[in-house]
Amino acid sequence: MNRNDFPILDETVYGKPLVYLDNAATTQKPKQVIDAITEAYRHTNANIHRGVHHLSQLATERHEQARQAVADYLGAKSAKEIIFTKGTTDSLNMLAFSFGEVMVGEGDEIVVGLSEHHSNIVPWQMLCKRKKAVLKVIPLKDDFTLDIKALKSLLTNRTRLVSVAHVSNTLGIIQPIKGVIRIAHSSNIPVCIDGAQSAGRMPLKVQELDCDFYACSGHKMYGPTGIGILYGKEEWLDKLPPYQGGGEMIDHVRFEHTTYNVLPYKFEAGTPDFIGSVALAEALRYIENIGRENISVHEQELTRYADRVLSSIEGVEVYGLGQSRAGVVSFNAFRQDGTLIHPFDVGTLLDRQGVAVRTGHHCAEPLMDYLSVPGTVRASFALYNEKNEVDRLADALKVALQMLA
Ligand code: PLP
């Protein structure tokens, strides 16, 4: 699928053709996105929003067009609901601070899932510490999906927000977020969705989902690093205070009193990444040209194939085998006596054979504790991966396991 658009895939590693299976960490970039960055620096680079000169106006126009492109892509009601951030982590920190400032007090509760990325745990934990609030955790069922029944019993009249990932970055499990939103909303509790792993992988519209907030990262969806999105329903964003102070986010500044800008600028202090936004819009165009449904089907097919091929190797355990998963295969290998072969050793030997995977706790230590392992080996797919790369992974894994047994 459009593999030739990605120049980096022609690289070799230790003399072997690169097999890049670390897409949950970051995707590679098509030349259309790389060209968009060069084009913007060559032809439209000027600081935005403040300039009367032509270039500044052009750059402003392109930045705001990019915001509209994001709003269309996510299915937001208006571009005012799209805040440009540095990435998912930044989005979640912004929300935790801003929401926490006015909505959370002593004894209130925030609810997150057990399998969350640290970015969707630690900002809430920090908020809870700051406000003397309580962090509650939705347990997992045996199939690693969030236990919706348990969520019902966790919610109280002190619950202020539920924040969960759409897709687990570690296991690829697609979480029942519609159920989470329905249950939380039935108690008038807003829901934030960490969409880092879903935004580039599957069709979704925030208005249909009816989530109150949604966070994602450009670099995980074929776009540049350093730019991300926080979507929030306008009625919520209107109520929340700014996260950072500085230029752009103000209306008037006096030493006695400062008034703030309108949405979304109230949340965008300082010079925004106006080159990144344009490149992100190009990435979204690229995704839409292929179709999110097609990408999703392709990645799920690769996942099922990898499940089959990897789980047939002696000693290999794939987590969430046969589950509805999005483009992620997490596994461990065990010796005949049942001891774990450390994922770091497996990953290093795979790398020597040109296969790039991620090993470790994947920023989800509570989930690793739950699985009682120090980490896993994770292969994650993107639209350009092919079955023969899964075969290369399997062959390399067999070699690695022979060496490590
Ligand atoms: N949430 C999830 C589910 C992720 O997979 C990641 C990154 O892997 C993040 C949050 C953090 O994203 P970023 O590092 O782009 O801020």
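Residues numbered from 1 in each chain as written. Predicted model: local features only at pLDDT ≥ 70, side-chain atom pairs only at ≥ 80, totals over all residues. Heavy atoms only, no water.

So what exactly am I meant to see when it comes to the overall build of the chain here?
Scanning the chain from N- to C-terminus turns up 13 helices and 18 strands. Against the 2.2 N^0.38 benchmark of 22 Å for 405 residues, the chain shows a C-alpha radius of gyration of 22 Å, consistent with a compact globule. Along the longest, intermediate and shortest principal axes, the C-alpha atoms of the chain span 70 × 55 × 35 Å. Per-residue burial over the chain gives 57% buried out of 405 residues. (Helix = DSSP H or I, 4+ residues; strand = E, 2+ residues; numbered from the N terminus. Rg over C-alpha atoms; globule rule 2.2 N^0.38 Å. Buried < 20%, exposed > 50% of the residue type's maximum accessible area, 1.4 Å probe, protein only.)

Whenever I open this one, the pattern of salt bridges confuses me. Can you help?
Once the charged atoms of two side chains with opposite charge are near each other, the side chains can pair. Under the defined criterion, the tally for this structure stands at 17 salt bridges. A salt bridge links aspartate 108 to arginine 158; the shortest N-O distance between them is 2.8 Å. In this pair, aspartate 108 is assigned in the loop between helix 3 (88-103) and strand 5 (109-113) and arginine 158 in the loop between helix 5 (148-154) and strand 7 (159-165), connecting sequence segments 50 residues apart. In this structure, arginine 160 and aspartate 108 form a salt bridge, with 3.2 Å as the shortest nitrogen-oxygen distance. Taken together, the residues arginine 160 in strand 7 and aspartate 108 in the loop between helix 3 and strand 5 connect sequence positions 52 residues apart. The class for arginine 160 is partly exposed, based on a relative accessible area of 23%. (Salt bridge = Lys/Arg side-chain N within 4 Å of Asp/Glu carboxyl O.)

Is there a simple way to explain unusual backbone geometry in this structure?
Here the bond from leucine 263 into proline 264 is cis, since omega is -5°, no more than 30 degrees from zero. Take proline 264: it is sitting in the loop between strand 12 (258-260) and helix 9 (274-290).

Could you clarify how one ought to interpret the environment of isoleucine 82 in this entry?
Secondary-structure assignment places isoleucine 82 in strand 4 (residues 82-85). Sequence-wise, isoleucine 82 and leucine 263 are 181 residues apart; in three dimensions their C-alpha atoms are separated by 8.7 Å. Among residues more than four places away in sequence, those in contact with isoleucine 82 are Arg67, Val70, Ala71, Leu74, Ala76, Ile229, Leu230, Tyr231, Pro264 and Glu268. (Contact = heavy atoms within 4.5 Å.)

Just to check I follow, could you spell out helix 10 (residues 292-311) for this structure?
For helix 10, which comprises 20 residues, the first-to-last C-alpha distance of 28 Å matches the rise-based estimate of 28 Å (1.5 Å per residue) to within 8%. Along helix 10, the positions that sit buried rather than exposed are Arg292, Ile295, Ser296, His298, Glu299, Leu302, Thr303, Tyr305, Ala306, Asp307, Val309 and Leu310. In this structure, the buried side of helix 10 is in contact with helix 2 (54-74), helix 9, strand 13 (316-318), strand 14 (328-334) and helix 13 (387-404). (Expected span 1.5 Å × (residues − 1).)

Please clarify how the domain arrangement of the chain should be interpreted in this entry.
Note on interface size: it is often stated as the accessible area lost on association of the parts. As assigned here, the chain comprises domain 1 (3-29 + 291-404) and domain 2 (32-289). Of note, the centres of domain 1 and domain 2, computed from C-alpha atoms alone, are 28 Å apart. Taken residue by residue, the interface counts 43 residues in domain 1 and 39 residues in domain 2. Interface of domain 1 and domain 2: buried area, both sides summed, is about 3,300 Å²; carbon and sulfur atoms make up 55% of it. Arginine 292 is the partner of glutamate 288 in a salt bridge, and the nearest nitrogen-oxygen pair spans 3.1 Å. Those elements that provide at least two residues to the side of domain 1 that touches domain 2 are helix 10, strand 14, helix 12 (365-371) and strand 18 (376-380). Grouping the constituent residues of the side of domain 1 that touches domain 2 by class yields 19 nonpolar, 16 polar and eight charged. (Domains from an automatic or database assignment. Buried area = accessible area lost by both parts, 1.4 Å probe. Nonpolar A, V, L, I, M, F, W, Y, C, P; charged D, E, K, R; others polar.)

How should the site of the ligand be read in this particular structure?
Around the ligand sit Ala24, Thr88, Thr89, His117, Ser119, Asn169, Asp194, Ala196, Gln197, Ser217, His219 and Lys220, and that is every residue in its neighbourhood. Serine 217 places a side-chain nitrogen or oxygen 2.6 Å from an oxygen atom of the ligand. Contact between the ligand and histidine 219: an oxygen atom at 2.7 Å from a side-chain N or O atom of the residue. Broken down by class, the residue content of the shell around the ligand amounts to two nonpolar, eight polar and two charged. (Near = heavy atom within 4 Å. Polar contact = N/O pair within 3.5 Å; in protein donor to acceptor, adjacent residues only side chain to side chain.)

How should the pairing of strand 11 (residues 250-253) be read in this particular structure?
Side chains on a regular strand alternate between the two faces of the sheet. As judged from the three bridges shared by strand 11 and strand 12, these two strands associate in the antiparallel manner. Bridge assignment links isoleucine 250 to a residue of strand 12, and that residue is tyrosine 260. (Pairing = 2+ DSSP bridges.)

I'm lost on helix 13 in this one. Help?
In an α-helix, one turn spans 3.6 residues, which is why side chains three or four residues apart end up on the same side. Between its first and last C-alpha atoms helix 13 spans 26 Å; for 18 residues at 1.5 Å apiece the expected length is 26 Å, and the two agree. If you check which residues of helix 13 are buried, you get Glu389, Val390, Leu393, Ala394, Ala396, Leu397, Ala400, Leu401 and Leu404.

Hey, could you run me through a positive patch on the surface in this one?
Where like charges cluster on the molecular surface, the positive patch consists of Lys141, Lys149, Lys152 and Arg182. Structurally, the position occupied by lysine 152 is in helix 5. You can call lysine 152 exposed: its relative accessible area is 54%. (Patch = residues over 30% accessible without salt bridge, like charges linked within 9 Å, V, L, I, M, F, W, Y side chains within 5 Å. Areas by Shrake-Rupley, 256 points an atom, 1.4 Å probe, with all protein chains shown as cover. Lys, Arg positive; Asp, Glu negative; His and termini not counted. Charge placed at Lys NZ, Arg CZ, Asp CG, Glu CD.)

How do you make sense of the side chain of threonine 44 when you look at a structure like this?
Position of threonine 44 among the secondary structure elements: in the loop between helix 1 (31-43) and helix 2. Sequence-distant contacts of threonine 44, that is, excluding residues within four places in its chain, are made with Glu39, Leu55, Leu58, Ala59 and Arg62.

Whenever I open this one, the pairing of strand 6 (residues 134-138) confuses me. Can you help?
Pairing analysis gives five bridges linking strand 5 to strand 6, with the strands arranged parallel. The residue of strand 6 that forms the bridge with valine 111 is lysine 136. The β-α-β motif built from strand 5, the intervening helix 4 (residues 122-131) and the parallel element strand 6 has right-handed crossover chirality. (Right-handed = clockwise from strand over helix to strand, strands pointing away.)

Explanation requested: the nonpolar core in the structure shown.
As a rule of thumb, soluble globular proteins bury nonpolar side chains together. Ranked by size, the top nonpolar core spans 66 residues in total, and within it Leu74, Val162 and Tyr214 carry the most contacts. Of the residues that make up this core, three or more belong to each of domain 1 (3-29 + 291-404) and domain 2 (32-289). Discounting residues that sit within four places of it in the chain, tyrosine 214 has contacts with Leu74, Ile193, Gly195, Ser198, Ala199, Leu204, Val206, Ile229, Leu230 and Tyr231. Judged by nonpolar contacts, the second largest core, of 30 residues, contains Leu21, Phe331, Leu349 and Ala379. (Core = buried A, V, L, I, M, F, W, Y, C linked by side-chain atoms within 4.5 Å.)

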